Amino acid sequence: MRTSLIHKSKPTVYKAVKTACNRLNLVIDRDDFEKGRISIYSEGDILSFGNKISISISKRGRDSFLRISSKSAAPIQLFDWGTNKDIEEDLMEEIKDILLK
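So, here's what we can say about the structure. (Residues numbered from 1 in each chain as written. Predicted model: local features only at pLDDT ≥ 70, side-chain atom pairs only at ≥ 80, totals over all residues. Heavy atoms only, no water.)

Comments concerning the sheet that holds strand β5 (residues 63-72)
And step 1. With respect to topology, five strands assemble into an open sheet ordered β1-β5-β4-β3-β2, the strand pairing being antiparallel. One side of each edge strand has no neighbouring strand; the edge strands of this open sheet are β1 (2-6) and β2 (27-32). Within the sheet, the average angular offset between the axes of one strand and its neighbour, ignoring direction, is 15°.
And step 2. Here β1 pairs with β5 via five bridges, running antiparallel. Bridged to L5 within β5 is F65. (Pairing = 2+ DSSP bridges. Helix = DSSP H or I, 4+ residues; strand = E, 2+ residues; numbered from the N terminus. Axes fitted to C-alpha atoms, helices over the stretch in contact; angles between N-to-C directions.)

Examining the nonpolar core
Note on soluble globular proteins: their nonpolar side chains tend to be buried together.
And step 1. Counting 21 residues, the largest nonpolar core has V17, I55, L66, L91 and I95 as the members making the most contacts within it.
And step 2. Those elements that place two or more of their residues in this core are α1 (10-23), β3 (37-42), β4 (51-60), β5 and α2 (83-100).
And step 3. What I95 contacts, discounting residues up to four positions off in sequence, is A16, V17, A20, L66 and I68. (Core = buried A, V, L, I, M, F, W, Y, C linked by side-chain atoms within 4.5 Å. Buried < 20%, exposed > 50% of the residue type's maximum accessible area, 1.4 Å probe, protein only. Contact = heavy atoms within 4.5 Å.)

Topic: the pairing of β5
And step 1. Buried residues dominate β5, accounting for seven of its ten residues.
And step 2. Both β4 and β5 contribute to a ladder of ten bridges, which runs antiparallel. Within the sheet, the bridge partner assigned to S54 lies in β5 and is S69.
And step 3. Two successive antiparallel strands, β4 and β5, enclose a turn made up of two residues, where G61 displays a positive phi of approximately 65°.

Quick word on the packing of aromatic side chains
And step 1. Applying the stated criterion across every chain yields a total of one aromatic pair.
And step 2. Each ring, one from Y14 and one from F33, has its centre 5.0 Å from the other, and the planes form 85°; the classification is edge-to-face. Of this pair, Y14 sits in helix α1 while F33 is found in the loop between β2 and β3, placing the two residues 19 residues apart along the sequence.
And step 3. Positioned above the aromatic ring of F33, the side-chain terminus of K10 is 4.9 Å from the ring centre. (Phe/Tyr/Trp six-rings, centres within 6.5 Å; stacked < 30°, edge-to-face > 60°. Lys NZ or Arg CZ within 6 Å of the ring centre and 35° of its normal.)

Focus: a positive patch on the surface
And step 1. Taken together, the side chains of K35, R37, R60 and R67 present a region of like positive charge at the surface.
And step 2. Inspection of the secondary structure puts R60 in strand β4.
And step 3. Overall, the relative accessible area of 45% leaves R60 in the partly exposed class. (Patch = residues over 30% accessible without salt bridge, like charges linked within 9 Å, V, L, I, M, F, W, Y side chains within 5 Å. Areas by Shrake-Rupley, 256 points an atom, 1.4 Å probe, with all protein chains shown as cover. Salt bridge = Lys/Arg side-chain N within 4 Å of Asp/Glu carboxyl O. Lys, Arg positive; Asp, Glu negative; His and termini not counted. Charge placed at Lys NZ, Arg CZ, Asp CG, Glu CD.)

Below, the structure written as structure tokens:
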């Protein structure tokens, strides 16, 4: 799980998350702005059945608290090969890059 306090409003962070998902070719399954939740799916490859990614964005005063969590889509997958960590890190970095522009 990756977390970050971001000095931007919730709507700004929410938009950046959706843009980052698009840039990283992640499929948004569900999103609910009011609850600050986005569910994403990443397709699998030779080492993985795919990943389910959960994102939550909550308001903290004028700032936003962002939490990204990834897990294997198939409960039978025994090893994650670092895929979940890589997805979380890549997504967090992409979001931060978007917000810096």
